Amino acid sequence: MASSKEAKKLLKNLHQGVPCFQIALTFITVLTTFFFIFPIPHPFTNFSSSSCTTDNLMIPSTSPANTSLFYDKLRFTTLKNKGMRRSRSSHDSNDCDFFDGRWVEGGGEMRALYEAGSCPFVEEAFNCFNNGRPDLNYTRLRWQPKACSLPRLEGRSLLEILRGKRLAFVGDSLNRNMWESLLCILRNSLNNKNGVHDITGKNGFRNENFYAYRNTEYNCTIEFFRAPFLVQEWETRSSNGSRKETLRLDMMDNTSSLYKTADVIIFNTAHWWTHEKTSKGVDFYQEGDHVHKKLSADEAYHKALITWARWVDEHIDAKRTIVFFRGYSWSHFRGGQWNSGGSCDGETSPILEDRHLAKYPNLLKIVELVIREMKTPVLYLNITRMTDYRKEAHPSKYRFKEEKRRLGASQDCSHWCLPGVPDAWNELMYAMLLKRLGR
């Protein structure tokens, strides 16, 4: 154990001209011992509900000068990291990159996290098996990192971690896809399948902003908050007095006060930023009373994420709450988009060669830069590349039962069949949670 003698020795060496590397070695020994004696606490060791405020935030402002500096930094990062990068979670020192891997056959020894058609929490649009999809190939693959093996998601183990706590998904319908997956995984681990109850009384998953299920045995809730942009959808009046929709880049979504005291929060936003109105950016983005005549989706996304990051740093108690951000999930439309005849039915196998994968999206480079500037540790679920392989795993025309399908109806090549790809996202979340908690 280091003592005051080592500290005195360090000072003496400084005066006697001892070589720098010896001084550095002694200094590192002192620091290492200090952090051994005074360890930094993990979340879940302090259950105080008070929020953590910061007076000296590190998030850059969105003034023109800082925005220009941000994009210079973004261009530099892009040049430095050409191609698909091995992105790791923020504040994660483990050498294994969970997101650099391949999809492999599950094998006979790998029992299903839950069986196709068995879970009542899967909405019709994601229930490809019940809607008549004839193959089950999309349920039989698991994600295998190159440098390590993922721990199997044991539902009861995760429920024990969440005992008496709240886990909240916040974002768009792709996060709802992941939320339903986790509900099914946890339910399947229970002996009493009736011990999970809807505490919001909602009849459908499409248009409501909040859903929650409580597990009575473990007294925990698994919640979903609809906030597709994370910032606030808004209305303002145009010059002729009519109302028009805008997006307030400087204001968090109005559900934020409901989930800020959750113990685990999984955020996402990306999918809606690729839609026509957001990508064109004409008279849509608003800050204060000012509506931008024209603003690129990249710049608007950056401003929105700065708003989110500031809110997290000001309102989330990092000693209590673990924060995740889930990356972009690829769509696989052929011959058009969701509203212009795009399709993906008939696919039965994933992409096998990396040369057929898409270019890494700019939006995700912005996410990574913003997260790195935050004071709150954020675990980054970089699922973008792993989803790009899975062109065969979308609902496609099996978003409906056969009797509801009609010729020319739009296909779903954005969301995922359940069981399916979002189950792997939850396995990655579980592995990162275990690592964060030191288990």
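Here the residue numbering is sequential within each chain, running from 1 through the sequence in written order. Only residues with pLDDT of at least 70 are given local features in this predicted model, and only at 80 or more are side-chain atom pairs given and counted; all residues enter the totals for whole chains, interfaces and linings. Calculation of side-chain values draws on the structure's entire complement of heavy atoms; hydrogens and water are dropped beforehand.

Caption draft 1: Spotlight on the overall build of the protein chain. Looking only at helices and strands, the protein chain has 11 helices and 13 strands in total. Each residue is assigned to one of three classes by its accessible area relative to the maximum for its type, calculated with a 1.4 Å probe on protein chains only: buried under 20%, partly exposed between the two thresholds, exposed over 50%. Counting all 439 residues of the protein chain, 51% fall into the buried class. Counted over contacts in the protein chain with a minimum sequence separation of 6, partners at least 24 positions apart contribute 77%. Computed by Shrake-Rupley with a 1.4 Å probe, the accessible areas treat only the displayed protein chains as cover when residues are assessed. Just so you have it, the protein chain exposes about 21400 Å², and 52% of that area is on carbon and sulfur atoms. By the criteria applied, helices consist of DSSP H or I runs no shorter than four residues and strands consist of E runs no shorter than two, each listed in order from the N terminus. Whether two residues are in contact is decided by their heavy atoms: any pair within 4.5 Å suffices.

Caption draft 2: Representation of the sheet that holds strand E6 (residues 220-226). By the convention used here, strands pair only if DSSP detects at least 2 bridges between them. Pairing within the open sheet is mixed, and its seven strands lie in the order E4-E5-E6-E3-E9-E12-E13. Two strands lie at the open edges of the sheet, namely strand E4 (196-198) and strand E13 (378-381), each paired on one side alone. On average, each strand axis in the sheet is inclined to that of its neighbour by 20 degrees, with strand direction left out of account. Sheet analysis places strand E3 (residues 166-171) next to E6, joined by six bridges and oriented parallel. Paired with phenylalanine 169 across the strands is phenylalanine 224, a residue of E6. Fitted lines through C-alpha atoms give the axes, limited to the stretch in contact for helices. The angle between two N-to-C directions lies from 0 to 180 degrees.

Caption draft 3: Spotlight on the pairing of strand E7 (residues 231-237). As defined by bridge partners, E7 adjoins strand E8 (residues 243-252) across seven bridges and the pair is classed as antiparallel. Looking at E8, one finds that arginine 237 is bridged to arginine 243. As consecutive antiparallel partners, E7 and E8 are separated by five residues, and within that stretch glycine 241 has a phi angle of approximately 90 degrees, a positive value.

Caption draft 4: Highlighting the sheet that holds E7. With mixed pairing, the four strands of this open sheet are ordered in space as E7-E8-E10-E11. This sheet does not close on itself; its edge strands, each paired only once, are E7 and strand E11 (290-291). The sheet contact formed by E8 and strand E10 (residues 285-287) spans two bridges and is parallel. Bridge pairing in E10 links leucine 247 to tyrosine 285. Packing against the sheet, helix H8 (residues 297-315) makes contact with E7, E8 and E10, and its axis sits at approximately 50 degrees to E8.

Caption draft 5: Focus on the pairing of E3. Extensive coverage of E3 is indicated by the burial of five of its six residues. Pairing geometry for E3 and strand E9 (residues 264-267), over four bridges, is parallel. If you follow phenylalanine 169 over to E9, its bridge partner there is isoleucine 266.

Caption draft 6: Region of the structure containing helix H9 (residues 362-372). Of all the 11 residues making up H9, nine are buried; the element is thus mostly covered by neighbouring parts of the structure. Taken together, the buried positions of H9 are occupied by Leu363, Leu364, Lys365, Ile366, Val367, Glu368, Leu369, Val370 and Ile371.

Caption draft 7: Molecular detail of empty space enclosed by the protein. A cavity here means a set of points on a 1 Å grid, drawn over the protein atoms and nothing else, where a 1.4 Å probe fits but cannot get out; a pocket is an open set with protein on both sides within 12 Å along at least five of seven lines, and a residue lines either one if it has an atom within 4 Å of a point. Grid points are joined across faces, edges and corners, and a volume is the space filled by probe spheres set on the points. Applying the stated criterion across every chain, the model contains two cavities of 30 Å³ or more. The computed volume of the largest cavity comes to approximately 80 Å³. When residues of the lining of the largest cavity are traced back to their parent elements, those giving at least two are helix H5 (173-188), strand E5 (210-215) and E6. Put simply, the second largest cavity is a space of about 40 Å³. We call Asp, Glu, Lys and Arg charged. Ala, Val, Leu, Ile, Met, Phe, Trp, Tyr, Cys and Pro are nonpolar, and the rest, Gly among them, are polar. A per-class count over the lining of the second largest cavity returns three nonpolar, four polar and two charged.

Caption draft 8: The arrangement of the packing of H5 against helix H11 (residues 421-437) in detail. Interhelical geometry of H5 versus H11 gives an angle of 75 degrees and a closest axis separation of 8 Å. Relative to H11, H5 is oriented roughly perpendicular. Every residue of H11 that contacts H5 at Leu174, Asn177, Met178, Ser181, Leu182 and Ile185 is listed here: Pro422, Asp423, Trp425, Asn426 and Met429. Here the contact of H5 with H11 is composed, by residue class, of seven nonpolar, three polar and one charged. Working definition: roughly parallel below 35 degrees, roughly antiparallel above 145 degrees, roughly perpendicular at 65 to 115 degrees, and oblique for all remaining angles.

Caption draft 9: View of the environment of arginine 436. Structurally, the position occupied by arginine 436 is in helix H11. Arginine 436 sits in the buried class, given a relative accessible area of 16%. For the pair formed by arginine 436 and leucine 379, sequence separation is 57 residues and the distance between their alpha carbons is 8.8 Å.

Caption draft 10: Spotlight on the side chain of aspartate 412. With respect to the helices and strands, aspartate 412 occurs in the loop between helix H10 (384-388) and H11. Here aspartate 412 sits buried without a salt bridge, and the closest side chain of opposite charge, arginine 399, lies 5.2 Å off (N-O distance). A distance of 2.9 Å separates the side chain of aspartate 412 from the side chain of histidine 415, its partner in a polar contact. Apart from residues lying up to four places away in sequence, aspartate 412 is in contact with Cys344, His394, Pro395, Ser396 and Arg399. Counted charges follow a simple rule, with Lys and Arg positive, Asp and Glu negative, and His plus the chain ends left uncounted. Salt bridges are defined by distance alone: a side-chain nitrogen of Lys or Arg within 4 Å of a carboxyl oxygen of Asp or Glu. Under the rule applied, a polar contact is a pair of N or O atoms within 3.5 Å (in protein, one hydrogen donor and one hydrogen acceptor; residues adjacent in sequence only if both atoms are side-chain atoms).

Caption draft 11: Molecular detail of the state of the cysteines. Working definition: a disulfide is two cysteine sulfur atoms within 2.5 Å of each other. Evaluation of the coordinates by the stated rule reveals four disulfides. Between the sulfur of cysteine 119 and that of cysteine 184 lies a disulfide, 2.1 Å long from S to S. With the S-S bond torsion at -90 degrees, the cross-link from cysteine 119 to cysteine 184 turns out left-handed. Residue cysteine 119 is found in the loop between strand E1 (101-105) and strand E2 (141-145), and its partner cysteine 184 is found in helix H5; the two are separated by 65 residues along the sequence.

Caption draft 12: A look at the confidence of the model for the protein chain. A score between 0 and 100, pLDDT records how confident the predictor is in each residue. Residues at a pLDDT of 70 or more form 74% of the protein chain, whose mean pLDDT is 81. In this model, residues 1-40 is a region of pLDDT below 50 whose contacts with residues beyond four sequence positions or in other chains number 15 contacts. In this model, residues 45-93 is a region of pLDDT below 50 whose contacts with residues beyond four sequence positions or in other chains number 95 contacts.

Caption draft 13: Representation of H5 within the structure. Given a helix with a known number of residues, its expected span is that number minus one, times 1.5 Å. Taking 1.5 Å as the rise per residue, H5 with 16 residues should run 22 Å; its terminal C-alpha atoms sit 23 Å apart, in good agreement. Where burial is concerned, most of H5 is hidden: 15 out of the 16 residues are buried. The backbone nitrogen of leucine 174 has a side-chain oxygen 2.9 Å away, supplied by the residue at the start of H5, namely aspartate 172.

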